[in-house]
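Residue-level structure breakdown
Below are the chains, spelled out letter by letter.
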2 protein chains.
Amino acid sequence: MAMKKQITLKQIAKELDVSISTVSKALRNSIEISEDTKDKIQAFAKLYNYRPNNIALSLKNRKTKTIGIIIPEIVHHFFSKVIRGIELVANKRGYNVIVGLSNESFDKEVINMQMLANGSIDGFILSISKETLLQQDYHHFNETINQGMPIVMFDRVVNEINCDKVIIDDLKGSKNAVNKLLDNGCKQVAIITTKDYVSVGRLRTQGYLEAFEEHKMSPNANLILKVDDALVSEDHIESLETEVEQLFKNNTKIDGVFAVNELYAIIAMKVARKLGLKIPEDVQFIGFTDGVLSKHATPSLTTVSQHGQQMGEKAAELLIDKLEKDDQDDHYQTVVIETELILRNSTK
Amino acid sequence: MAMKKQITLKQIAKELDVSISTVSKALRNSIEISEDTKDKIQAFAKLYNYRPNNIALSLKNRKTKTIGIIIPEIVHHFFSKVIRGIELVANKRGYNVIVGLSNESFDKEVINMQMLANGSIDGFILSISKETLLQQDYHHFNETINQGMPIVMFDRVVNEINCDKVIIDDLKGSKNAVNKLLDNGCKQVAIITTKDYVSVGRLRTQGYLEAFEEHKMSPNANLILKVDDALVSEDHIESLETEVEQLFKNNTKIDGVFAVNELYAIIAMKVARKLGLKIPEDVQFIGFTDGVLSKHATPSLTTVSQHGQQMGEKAAELLIDKLEKDDQDDHYQTVVIETELILRNSTK
DNA sequence: ATACACAACGAAAACGTTTTCGTGTTGACA
DNA sequence: TGTCAACACGAAAACGTTTTCGTTGTGTAT
């Protein structure tokens, strides 16, 4: 039970009375070393459970085989699915992942990136925090890229930055959703969305508008509820409820609701039910995201799946491909993951 | 826009025509160096945005300032809350976290630990995979510990292993929950639990039994449903539903249900409603966990909160304390986080 | 006998730090 | 003038690898 620290090449060399080089070569099965000594060294190494020190390798190779993830929040079904996707292909290709949470804060995003950019990782996969999007200050991304460290952004991205991106077609996804509502006969479709500085909020709102256009209908400004999602921290759900309640009371003919995320949809359904409306008979609902709420709500929520895991997988592939391509490839791609409208019981 | 790789001490030294040692000392504000040269070097370093290479530091100090997390699954509200807690205090104390997912597999757990144990991290925080619990093979944990790398286990732990642990009092938590149901007048309380090899399942079942004992009532074996949670992968929820439906049909007098996790409770509520039962009038429900489902279900679910974030914070504190205590402290503690019964609308 | 190929191994540099231990140059003081 | 402390700095080792480039010794062909 005595503590056995990891054995090193040097110790093996000393023990077997050969040089460090010989040990290293023997363990990597070099033809430079005779079979006899190779056998001896390999046996000894196995006995003592030798494993090369990762840090030393990282220093020598100037690559760490780990990728850094920076996301705004981890207690979030979508982001954890993305992480799962990243981890899956990263592991498959011999990489580890190290995660940093920005907690939607600009400063924490910057700090976190700095902590990791000094050699700890080979590249970033990240989704931009709301605060950063609001301030539109992207210097930390550009600096990192200029240092030769590749970045892949997913979901929340900005065009100004030169890097690979993995996104969904928010516009198309929400247009499809709203089209579905309109096709189902809804005449008064409301949208519950976020302020425009969150790009996905803006795009999903736009998709809503374009669906009306395709149906030769004109949207009603009263039916567009833009909530300040800085407020949607645990506590402020109540204020959201009252906002939604007002929406319904001011527009009694609402027969369809499209919400840009799962929680908004669930809350809206709750309010509607409270007001005596039947789902989906009186009013139909569609949400946006992969969440677990949608699946297990009653009625279960029709939703636009954004395939978070697949986004993560693709992001990891893009990053690792770039890391392992030695020619300085300055060509960046934007991959669009198809959304999918998952029909459940909140729509007819 | 030319690519500027991170500058090193050596380059600064060369540029300023001093030795590497001088640069290093100047940047660490050593009194050995004159104010003049310090100013000059520090200015230059700031200009070129010098930051010490983490890998080199790790190699030199033989500590990486990162902690490894191994969890069975990340797409899970409880685990992501734990991670958030870990990340919070880790960051506050200058550590990074690197996550590995075992995906409930023994092999992946072992592989993941080996990948990280070779110098990449200073210590582990982990929760054991179901498969490992089933096989009861804990050699990889013991080996890691014997190498001098501390481990902190949380939630799913085993006594055989000598390390710090952070758990909740599963027995007490579930006993309280069931007591609540019995106090509320329930006569026929069912439990939906897991097979016994998952320690938390076993303990929660035991709490259920002890609550009966406290109430001088004797449990009815027919009301104990042990589902094989190896099956509860996305797809097999249906089979769970039919099992629960059978439970209700075979025992029409059930007026209370305690489920050892959130999903079981939600599904049971759905089935009950389908069978025409009113919640909480006809039958009351209590679940177990922090999840988002509980809060937003209709009716919202009374639940035993296990304070995942707090568990993570405590685990990180235990680990970092041990890492930074140089005296070989061979004393391990088990911290119990208090559970909390959060009363919502699924109980009277 | 000379040259030369080849087999088997070791020395040393390199990755980027920090730190210990010199070393040379001052200035003060007896 | 000689001694000694203080000051400012550099050389080198160390962390654990891999790899390049020797350096031996042996055997073979000329």
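Below: a short report on this structure.

What to know about the overall build of chain A
Secondary structure summary: chain A contains 14 helices and 12 strands in total. Radius of gyration (C-alpha) of chain A: 26 Å, far over the 20 Å computed for a compact globule of 348 residues. For chain A, the spread of C-alpha atoms along the three principal axes comes to 90 × 45 × 35 Å. Among the 348 residues that make up chain A, the fraction classed as buried is 45%. Within chain A, residue pairs in contact and separated by at least 24 positions form 73% of the contacts whose partners lie at least 6 positions apart.

Quick word on the protein's contact with DNA strand C
Around DNA strand C, 25 residues are found, and the nearest of them are A:Ser19, A:Ser21, A:Thr22, B:Leu9 and B:Asn53. Of all elements in the fold, only helix 2 (20–27) and helix 4 (54–61) of chain A together with helix 1 (9–16), helix 2 (20–27) and helix 4 (54–61) of chain B reach the threshold of two or more residues within the surface near DNA strand C. Its residues assigned to classes, the surface near DNA strand C shows 10 nonpolar, 9 polar and 6 charged.

Re the relation of the copies chain A and chain B
Structural alignment of chain A on chain B gives an RMSD of 0.1 Å, achieved by rotating through 180 degrees and translating 0.0 Å along the axis. Such values leave the two copies arranged in the relation of a two-fold axis. Taking the C-alpha atom as reference, chain A places A:Ile98 closest to the rotation axis, 2.0 Å from it. Most of the interface of chain A is mirrored in chain B: 100% of its interface residues are interface residues there too.

Some words on unusual backbone geometry
Backbone torsion omega between A:Thr298 and A:Pro299 reads -5 degrees, so that peptide bond is classified as cis. One non-glycine residue, A:Lys65, lies in the positive phi region at around 60 degrees. When you line up the elements, A:Lys65 lands in the loop between helix 4 and strand 1 (66–71). The backbone of B:Asn103 shows a phi angle near 55 degrees, a positive value even though the residue is not glycine. Among the structural elements, B:Asn103 can be located in the loop between strand 2 (96–101) and helix 6 (106–117).

Description of the protein's contact with DNA strand D
The full set close to DNA strand D counts 25 residues, and A:Leu9, A:Asn53, B:Ser19, B:Ser21 and B:Thr22 are the nearest of them. Among the elements of the structure, helix 1 (9–16), helix 2 and helix 4 of chain A together with helix 2 and helix 4 of chain B are those that each provide at least two residues to the surface near DNA strand D. A breakdown of the residues in the surface near DNA strand D according to their chemical character gives 10 nonpolar, 9 polar and 6 charged.

A few points about the packing of helix 1 of chain A against helix 3 (residues 35–47) of chain A
All names here are of chain A. Put simply, helix 1 and helix 3 touch, their axes get as near as 11 Å, and they point 125 degrees apart. What the angle tells us is that helix 1 and helix 3 run oblique. Note on packing geometry: the crossing formed by helix 1 with helix 3 is right-handed. Contacts between helix 1 and helix 3 pair Ile-12, Glu-15 and Leu-16 from the former with Lys-40, Ile-41, Phe-44 and Ala-45 from the latter. Class assignment for the residues of the contact of helix 1 with helix 3 results in 5 nonpolar, no polar and 2 charged.

Some thoughts on the interface of chain A and chain B
Counting from both sides, the interface comprises 42 residues of chain A and, opposite them, 42 residues of chain B. Of all the elements in the fold, those that place two or more residues in the side of chain A that touches chain B are helix 4, helix 5 (77–92), strand 2 (96–101), helix 6 (106–117), helix 12 (262–274) and helix 13 (292–296) of chain A. The greatest single-element share of the side of chain A that touches chain B, amounting to 6 residues, is contributed by helix 5 of chain A. Tallied by class, residues from the side of chain A that touches chain B come to 18 nonpolar, 17 polar and 7 charged.

What counts, and at which threshold
Residues numbered from 1 in each chain as written. Chains lettered and ligands numbered in written order. Predicted model: local features only at pLDDT ≥ 70, side-chain atom pairs only at ≥ 80, totals over all residues. Helix = DSSP H or I, 4+ residues; strand = E, 2+ residues; numbered from the N terminus. Rg over C-alpha atoms; globule rule 2.2 N^0.38 Å. Buried ≥ 20, exposed ≤ 12 C-beta atoms within 10 Å, placed from the backbone. Contact = placed C-beta atoms within 7 Å. Near = placed C-beta within 6 Å. Nonpolar A, V, L, I, M, F, W, Y, C, P; charged D, E, K, R; others polar. Least-squares fit on C-alpha atoms with pLDDT ≥ 70 in both. Axes fitted to C-alpha atoms, helices over the stretch in contact; angles between N-to-C directions. Parallel < 35°, antiparallel > 145°, perpendicular 65-115°, else oblique. Left-handed = near helix turned anticlockwise from the far one by under 90°.

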